[in-house]
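Descriptive structure summary
Here is what each chain is made of, one letter per residue.
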Amino acid sequence: MRRTLHDIILPVIIGHRGYRAKYPENTLASFSAAMAAGAEMIELDVTLSKDRKVVVIHDDTLNRTTSGFGPVHQATLQALKRLDAGSWFDSRFAAESLPTLEEVLILAGGKILINIEIKSSAWESGFPEDAVERQVVDLIIRHDLLNSTLVSSFHAGFLKNIGKLPVHPEIAFITDRKAPQNTLDMCQRLGVFSWHPHYKSLKQRHIEKAHAQGILIFPYTVNMVENMLMLVDMGVDGVITDDPGAAISCIAAKRKTSAFIPPRD
Ligand code: G3P
Ligand code: CA
């Protein structure tokens, strides 16, 4: 059965940048591996190319994860597509190119839930017609994936703008290790589906308060099995992990109930 965000089995295992522990992050190979391992959701990072196409890469520059150099936003999609996005990880992945968001939606849409993180570097005030957040939502709608995609960001401005659109996917707020005291109040104002805190910043009282507000908690990036188990025992609703295979081995036995999370109005 094709699952949506509203009938997921908790806790959810979310493959961070695909299956980053064993594959070059944010590539089609990495996303395919996370799906094959049995993750229920993949997480990926998006920004804009020079010609304003939505592309999948974590860093603001090409230096670390491709054969190119310099800022991503100064390269056209055609130039980005010529780069090798796999050899930096292992020569076996030399054929991997930097994907567009649309390529990932075609590969994974309808087969797995998808968490699209919009990188803060793509922020533009004024909410232009081809702003990254508008393009992301348009692609989701065009591929009929409104019920199975979650759009997240550290930058609340993207989430506010998405909330203004007449039809939009669920949204999630990400915070770093120094999450502001009022984060959950902000999450409520934004109308988020989930909060994605750094796992080291998470306290039991946060989980209780979030759940009382109807907000799910998916902490990142949880790679050690003992941390996964501790967080699940604390009551988190999923983990964002580089190693979805390890997470499945340790968490699957803890799944007891199928959650139904009603859609928001
Ligand atoms: O979405 C959670 C996590 O991916 C945020 O941090 O730097 O890995 O994108 P980062
Ligand atoms: Ca991310």
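See the structure printed just above.
Below, the structure is looked at part by part. (Residues numbered from 1 in each chain as written. Chains lettered and ligands numbered in written order. Predicted model: local features only at pLDDT ≥ 70, side-chain atom pairs only at ≥ 80, totals over all residues. Heavy atoms only, no water.)

A look at the coordination of the calcium ion (ligand 2)
Protein ligation of the calcium ion (ligand 2) involves E43 (OE), D45 (OD) and E117 (OE), the donor distances falling in the range 2.1 to 2.3 Å. In terms of primary sequence, the donors binding the calcium ion (ligand 2) are separated according to E-x1-D-x71-E. Taken as a pair, E43 in strand 2 (residues 41–48) and E117 in strand 4 (residues 113–118) lie far apart in primary sequence, 74 residues in all. (Donors = N, O, S within 2.8 Å, 3.2 Å for Na, K, Ca; no water. Helix = DSSP H or I, 4+ residues; strand = E, 2+ residues; numbered from the N terminus.)

Considering the packing of aromatic side chains
Summed over the entire model, instances satisfying the criterion amount to six aromatic pairs. Both rings, one in Y19 and one in Y23, keep their centres 5.8 Å apart while their planes meet at 55°; by these two values the pair is tilted. With a relative accessible area of 26%, Y23 lands in the partly exposed category. Relative to Y220, the ring of F154 lies with its centre 6.2 Å away and its plane at 90°, an arrangement referred to as edge-to-face. Residue F154 is found in the loop between strand 5 (149–153) and helix 5 (156–164), and its partner Y220 is found in the loop between strand 8 (216–217) and helix 8 (225–234); the two are separated by 66 residues along the sequence. Given a relative accessible area of 34%, F154 falls into the partly exposed group. (Phe/Tyr/Trp six-rings, centres within 6.5 Å; stacked < 30°, edge-to-face > 60°. Buried < 20%, exposed > 50% of the residue type's maximum accessible area, 1.4 Å probe, protein only.)

Interpretation note: all reported values are geometric properties and have no functional meaning in isolation.
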